[in-house]
Amino acid sequence: MMVNLLVVEDKDEHIKEWETVLTRHNAVSTAKDDDSIRFHMEIAKNKDEALRKLHTYNFSVAIIDIRLKREGEDEGYNNTDGVDVLKEIMSTVSCYSVIYTGQSKDAEATIENSHQEYIKIVDRDTSKTNLIKSLVEDNKEIILSINDLKYKFSKSMSSLFYKSIWPRWNYWEESEGKKEALNRHMASHLHASFLNETIAVHPEEYYFIPPLAEDLDTGHITLKDNKHYILITPRCEIAQKKNNTFQFIELKDISSDLKRIEKKDTNLNEELDFLMAKKDDELPDKQEKIEAKKRNIVNNMNKKRNLLSHGGNKASLHFIPEIRQSKKSSFGPFHAQFDHMVTINKSDSQSLESFKSGVYACLSNEFVPTLIERLGNYFSRIGSPDYSHPE
């Protein structure tokens, strides 16, 4: 698999080392004849050249030096131009980025805290050979995923362009704001084409973390006073500013219930294994006990199934999957409780801000309609009390 690599380095001796290391690496990878990563390298010796190449090539990996010599500068230059290159990458390119520098502390000080968890900072004491080895072994999956993502996006966009946009270009030219319209049309096509290929979704697809919109939007999930809520005010009402209120549904954390069921399942299976290991003469009613234990296991798993399917398809509940904030932190899973609704008046700016400030995730567009549909079904089936006819 060939991957485009940008190396941002100003010193000629280091550039030659990179060329030697990557030539040797590619020769070894080619000889393996498998899905090993090979690199097509482009060199940028300063910030301006790096920015030009970022807008010319489709890079999936970047290795960046922090301090880059500017034109006319002597050897005592002390800048962080490499960080500017990194910022441009993070705002315009899907690219696995590595800071490779002799000033690791400077890199840590200039990179935002929220980015330090996944931006790799490697000291120059690490050899270039070992850095490449680390990329293709430890980070192979994400690099290949980035490459595959770009290929599939490009393939799908090409299909739409040649089948629909180009043949109908006259219609596009007639409209104002066609660039924005084309962007929306292309995004809709990509969404539909990938969704049509889907059998089951990945847990990460349920949410946008952090949310795309800064203002409150349908599906926003917030934490207030140690309680979780999801906004269910219709998006059209919010967009057109027709709503006088915002409606939030309280989310009930069911993680402890789920863990209790899973722990019981583990214990029941261990007890079943113990029974099955017994000899018949040691346990006269062995088969009966085994069958009883299997029934207990099935009953327990049904409880789990009910918990994950809207509390046994209760009209007042809607299942919301676990929201993973980080490797060490997660919320939920939840039941959205339709009978626990909080309404905040639009004019109550203080209360509204307290909900808005706690927003940490948003239900993705594919899953908002199901939530709203079940909410509508809940209210549509409340019914009326029986009428008592006088005798």
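Residues numbered from 1 in each chain as written. Predicted model: local features only at pLDDT ≥ 70, side-chain atom pairs only at ≥ 80, totals over all residues. Heavy atoms only, no water.

Caption draft 1: Structural detail: the sheet that holds strand E5 (residues 120-123). What the 5 strands build is an open sheet, ordered E2-E1-E3-E4-E5; its pairing is parallel. In this open sheet, the two strands that pair with only one neighbour each are strand E2 (38-44) and E5. Taken pair by pair, the neighbouring strands of this sheet meet at an average axis angle of 20°, ignoring direction. Examined bridge by bridge, strand E1 (residues 2-8) and strand E3 (residues 61-64) share 4 bridges and lie parallel to one another. Bridging across to E3, Val7 finds its partner in Ile63. Of the strands in this sheet, E1, E2, E3 and strand E4 (96-101) touch helix H1 (residues 12-32), which is tilted by about 165° from E2. Sheet contacts for helix H3 (residues 81-92): E1, E3 and E4; angle to E3, the most-contacted strand, approximately 165°. (Pairing = 2+ DSSP bridges. Helix = DSSP H or I, 4+ residues; strand = E, 2+ residues; numbered from the N terminus. Axes fitted to C-alpha atoms, helices over the stretch in contact; angles between N-to-C directions. Contact = heavy atoms within 4.5 Å.)

Caption draft 2: Looking closely at the packing of aromatic side chains. The tally for this structure, following the rule as stated, stands at 13 aromatic pairs. Measuring from centroid to centroid gives 5.6 Å for Tyr57 and Phe59, while their planes differ by 40°, and the two rings are tilted. The partly exposed category is assigned to Tyr57, whose relative accessible area is 32%. Seen in terms of ring centroids, Tyr378 and Phe379 are 5.1 Å apart; in terms of plane orientation they differ by 70°. Their pairing is edge-to-face. Overall, the relative accessible area of 42% leaves Phe379 in the partly exposed class. Taken together, the ring pairs in this structure connect Phe161, Tyr162 and Trp166 into an aromatic cluster. (Phe/Tyr/Trp six-rings, centres within 6.5 Å; stacked < 30°, edge-to-face > 60°. Buried < 20%, exposed > 50% of the residue type's maximum accessible area, 1.4 Å probe, protein only.)

Caption draft 3: Just the sheet that holds strand E9 (residues 245-253), in detail. Ordered by their spatial adjacency, 7 strands build an open sheet running E6-E14-E7-E8-E9-E13-E10, and the pairing between neighbours is antiparallel. Of all the strands in the sheet, the pair left with one neighbour each is strand E6 (207-208) and strand E10 (317-320). Where E6 meets strand E14 (residues 359-363), 2 bridges bridge the pair, whose relative direction is antiparallel. Within the sheet, the bridge partner assigned to Phe208 lies in E14 and is Cys362. Packing against the sheet, helix H14 (residues 368-380) makes contact with strand E8 (227-231), E9, E10, strand E13 (334-345) and E14, and its axis sits at approximately 80° to E13.

Caption draft 4: Focus on a nonpolar patch on the surface. Residues Phe161, Tyr162, Trp166 and Trp169 make up a contiguous nonpolar surface patch of roughly 460 Å² in combined accessible area. Relative to the helices and strands, Phe161 resides in helix H6 (residues 140-165). (Patch = residues over 30% accessible without salt bridge, like charges linked within 9 Å, V, L, I, M, F, W, Y side chains within 5 Å. Areas by Shrake-Rupley, 256 points an atom, 1.4 Å probe, with all protein chains shown as cover. Salt bridge = Lys/Arg side-chain N within 4 Å of Asp/Glu carboxyl O.)

Caption draft 5: Structural context of the pattern of salt bridges. For the structure on display, the rule yields 18 salt bridges. Across the pair Lys293 and Glu271 runs a salt bridge whose closest N-O atoms are separated by 2.7 Å. Taken together, the positions of Lys293 in helix H11 (residues 286-308) and Glu271 in helix H10 (residues 255-277) put the pair 22 residues apart, joining distant regions of the chain. Judged by relative accessible area, Lys293 falls into the buried class, the value being 17%. Taking the relative accessible area as the measure of exposure, Glu271 reaches 36% and is therefore partly exposed. One salt bridge in this structure joins Asp285 and Lys289, with 3.9 Å as the shortest N-O distance. What makes Asp285 partly exposed here is its relative accessible area of 32%. Here the salt bridges do not stand alone but share partners, grouping Glu9, Asp65 and Arg124 into one network.

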